[in-house]
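Reading the structure
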Amino acid sequence: MPAERLEITRPNGEFATPEEFLASFDIGKVPTTPGCYIMRDDSETVIYVGKANNLRSRLRSYLNETDTRPTVKFLMRRVKCIDFLVTRTEKEALLLENSLIKEHRPRYNVRLKDDKTYVSLRLDPREDFPRLTVVRRYKKDGARYFGPYSSSTAVRETLHQIRHTFPLRTCSDAVLNNRTRPCLYYQMKQCTAPCVNYIDRAGYHEISDQVVMLLEGRSADLEKTLTTQMEQHSERLEFEKAAALRDRLYALRQTLESQRTVRAGNDDDRDVFGLYTLGRFVEIQVLFYRGGKMMGGRSFSFNQRETPLEEVFASFLLQYYSEASAVPGEVLLPLPIEETDTLSEILTETRGSKVSVLWPQRGEKRDLIDLANRNAQSSFEEKRLADRANEDLLEHVRQSLQLAKIPNRIECFDISNIQGDKSVGSMVTFEAGLPCKARYRRFAIRTVEGQDDFAMMREILLRRYTKAVQENDLPDLVLIDGGKGQLGVAVTVLKDLGIEDLDVASIAKSRSLGDSKHSPERFFIPGRMNPIILPQNSAVVHLLARVRDEAHRFAITYHRKRRSAATLRSPLTGIPGVGPKRAKALLTTFGSLAKVRIASKEEIASVPGFNEKLAETIMQHL
């Protein structure tokens, strides 16, 4: 609970100035301890969360009448009250601020979107036969994570090269435990077939340790290790093993030669951050150096910044590293922040070894910061050009479909079912021509039985826009996957809800006409008998078809998920004591329902989460 609340009464509902706010309470009531402050507006909505080592001092800096920062006056004119949460240390305050931002999603805080995940490689050295997998989420599960990589294409290319050089398994644990003969990868010399004991645990871990050395950037050490092992096998007249290591060493050198890139002077792992600002726009760039080589980078854009740049950047850093798959030994910053020591302590705990957070002002490390700053500016300019191109494209959409306004936000709907079974609907949202996955919605059809696509469309539109009217959350364009019939349903629903001024259109998919010919994509709008047919290679058609296809993909994915869940429930989950998790464990262990049927009681009881009594029940039902 908040330790204190500071509140101001605005005369006639007008916003208070910082000076009026300061005069409305006793500043002495504000604690001088570390903690977080939560600013709320008239509706009690959290609009900003901050942290401070000294809460009283920080609040005074916001409200002091000598503070001429326009961002401070802009923010404080919107504040009705401030809550405080006291912490014992600055570290706790920093962590609490990060949690509060994720919980409340304040308007004036910077926050990373959920879809900004990082592609990394994962290897668990505790397994008997570890394998490399591509992941997007870091978990504290004891495994090793390597990355981040600049794109999924880059990480999969790295994985492809590793698999051609180091024969680790690619199969899942379930496949590994149930194979009776080697797979094709063994024949291709890209796997050592641990599934059939062609290699022991020690020999396999020797290979996986070499992969770890490569991913850590210790390529020179790896070359020495392979050379030493090759010579040892030769001295023992184990020429086949020596030849295999020779080939691996040759492939490794070829790979490293083709991946020579910008070096940072030494073999340290580091993240280098850069900044570019223009007005209230902030572009943050991070460059990844692993083993002294630049592995790529990533940029983040924040608009309408209303708080000091140092606070924006400090808040961004903790959010960034709370999601990052790996923490390097050194972090270089483009400007000083108060939380340097605290951030270093938090990152050191996450990494498990010392992490230095530095603000270099000269020398080689400053040059790296300058490079990151230039990349941030370049990224900002490219995005501004892309924004202008998107604005022009959306204007063409408005003109082509005769819309009342530019469709900056498009909501598209689709239905998926098989003869009326497990029917679902989907809604995808595109903002400024790009997917906004946080606004995606899916609907399980509740009121319609049988195959009646029109009635299903009516149901999901009513559910969506009844709520949208209440929340004043309407898009600029409603796009329906279908023809004139589906469009008529949408027009009727919007009319019933009293939102007839909302633009709506439908898109009828191209169909094959035989002889390699296809009908064009057709668009229907209210009040027009014939469809609008645009040049099929135009950017407008490509954009709207992409939106429609995304809605179709999202609907099918949900429909398959519901069907799979129903399949899993029968017959395993019909057994007393067996739910979805235990049914999945059985299928994962034995591979199929048929194998579960022929398994012995002892084999079923040995599965984690099962016992002999439950195994006997399962055998009776099956």
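Computed from a predicted model, the values in this text were never measured in an experiment.

Here we look at the overall build of the protein
- Check the secondary structure of the protein and you find 20 helices and 21 strands.
- Split into buried and exposed, the 622 residues of the protein put 46% on the buried side.
- Residue pairs at least 24 apart in sequence account for 61% of intrachain contacts in the protein once pairs closer than 6 positions are excluded.
- With the model as given, the accessible surface of the protein reaches about 32200 Å², and the carbon-plus-sulfur share is 48%.

Thoughts on unusual backbone geometry
- One non-glycine residue, Asn197, lies in positive phi territory at about 60°.
- With respect to the helices, strands and loops of the structure, Asn197 is situated in the loop between helix H7 (184-187) and helix H8 (201-215).
- Asn197 gets classed as exposed once you look at its relative accessible area, which sits at 64%.
- A positive phi is found at Asn472, a non-glycine position, where the angle reads about 50°.

Things to note about helix H14 (residues 453-471)
- Taking 1.5 Å per residue as the helical rise, H14 with its 19 residues ought to reach 27 Å, and the 27 Å between its terminal C-alpha atoms agrees with that figure.
- The complete set of buried residues in H14 reads Met456, Met457, Glu459, Ile460, Leu461, Arg464, Tyr465 and Ala468.
- At the exit of H14 stands Asn472, carrying a positive phi of roughly 50°.

A closer look at a nonpolar patch on the surface
- A surface patch of nonpolar side chains, about 310 Å² in accessible area, is lined by Leu184, Tyr185 and Met188.
- Checked against the element boundaries, Tyr185 lands in helix H7.
- Classification of Tyr185 by relative accessible area gives partly exposed; the value is 37%.

A word on the nonpolar core
- In terms of nonpolar packing, the biggest core is built from 29 residues, with Phe273, Phe313, Phe316, Leu317, Tyr320 and Tyr321 touching the most fellow members.
- Counting only elements with at least two residues in this core, the list comes to strand S8 (270-278), strand S9 (281-290), strand S10 (293-302), helix H11 (309-323) and helix H12 (340-351).
- Per element, the largest residue contribution to this core is eight residues, and it comes from H11.
- Counting 28 residues, the second largest nonpolar core, distinct from the first, contains Phe146, Leu168, Leu222 and Leu245.

What about the sheet that holds S8?
- Ordered in space as S10-S9-S8-S11-S12, the five strands form an open sheet in which the pairing is mixed. The open sheet has two edge strands, S10 and strand S12 (356-358), and neither has a second partner. Sheet twist, expressed as the mean angle between neighbouring strand axes with direction ignored, is 15°.
- Taken together, the three bridges between S8 and strand S11 (residues 330-332) define a ladder with parallel strand orientation. Counterpart to Asp271 in the pairing with S11 is Val331.
- H11 contacts S8, S9, S10 and S11 of the sheet and is inclined by roughly 140° relative to S8.
- Helix H13 (residues 363-400) contacts S8, S9, S10, S11 and S12 of the sheet and is inclined by roughly 50° relative to S8.

Looking at the pairing of S9
- Here S9 lies mainly inside the structure; nine of its 10 residues are buried.
- When S8 meets S9, the two strands line up antiparallel, connected through nine bridges. Looking at the pairing, Leu275 lines up with Ile284 of S9.
- Between S8 and S9, which follow one another and run antiparallel, lie two residues, and Gly279 among them has a positive phi close to 65°.
- Counting the residues between successive antiparallel strands, the hairpin from S9 to S10 contains two residues, one of them, Gly291, with a positive phi of roughly 65°.

Let's talk about empty space enclosed by the protein
- Here the structure, examined in full by the defined rule, presents two cavities of 30 Å³ or more.
- In this structure, the largest cavity encloses a volume near 50 Å³.
- As for the largest cavity, its lining consists of Arg169, Thr170, Cys171, Leu176, Cys183, Tyr185, Cys191, Ala193, Pro194 and Cys195.
- Partitioned by chemical class, the residues of the lining of the largest cavity number eight nonpolar, one polar and one charged.
- Volume-wise, the second largest cavity comes out at about 30 Å³.
- When residues of the lining of the second largest cavity are traced back to their parent elements, those giving at least two are strand S3 (46-52) and H11.

What counts, and where the lines are drawn
- Residues numbered from 1 in each chain as written.
- Predicted model: local features only at pLDDT ≥ 70, side-chain atom pairs only at ≥ 80, totals over all residues.
- Heavy atoms only, no water.
- Helix = DSSP H or I, 4+ residues; strand = E, 2+ residues; numbered from the N terminus.
- Buried < 20%, exposed > 50% of the residue type's maximum accessible area, 1.4 Å probe, protein only.
- Contact = heavy atoms within 4.5 Å.
- Areas by Shrake-Rupley, 256 points an atom, 1.4 Å probe, with all protein chains shown as cover.
- Expected span 1.5 Å × (residues − 1).
- Patch = residues over 30% accessible without salt bridge, like charges linked within 9 Å, V, L, I, M, F, W, Y side chains within 5 Å.
- Salt bridge = Lys/Arg side-chain N within 4 Å of Asp/Glu carboxyl O.
- Core = buried A, V, L, I, M, F, W, Y, C linked by side-chain atoms within 4.5 Å.
- Pairing = 2+ DSSP bridges.
- Axes fitted to C-alpha atoms, helices over the stretch in contact; angles between N-to-C directions.
- 1 Å grid on protein atoms, 1.4 Å probe; cavity = no way out; pocket = protein on both sides within 12 Å on 5 of 7 lines; lining within 4 Å.
- Points joined across faces, edges and corners; volume = space filled by probe spheres on them.
- Nonpolar A, V, L, I, M, F, W, Y, C, P; charged D, E, K, R; others polar.

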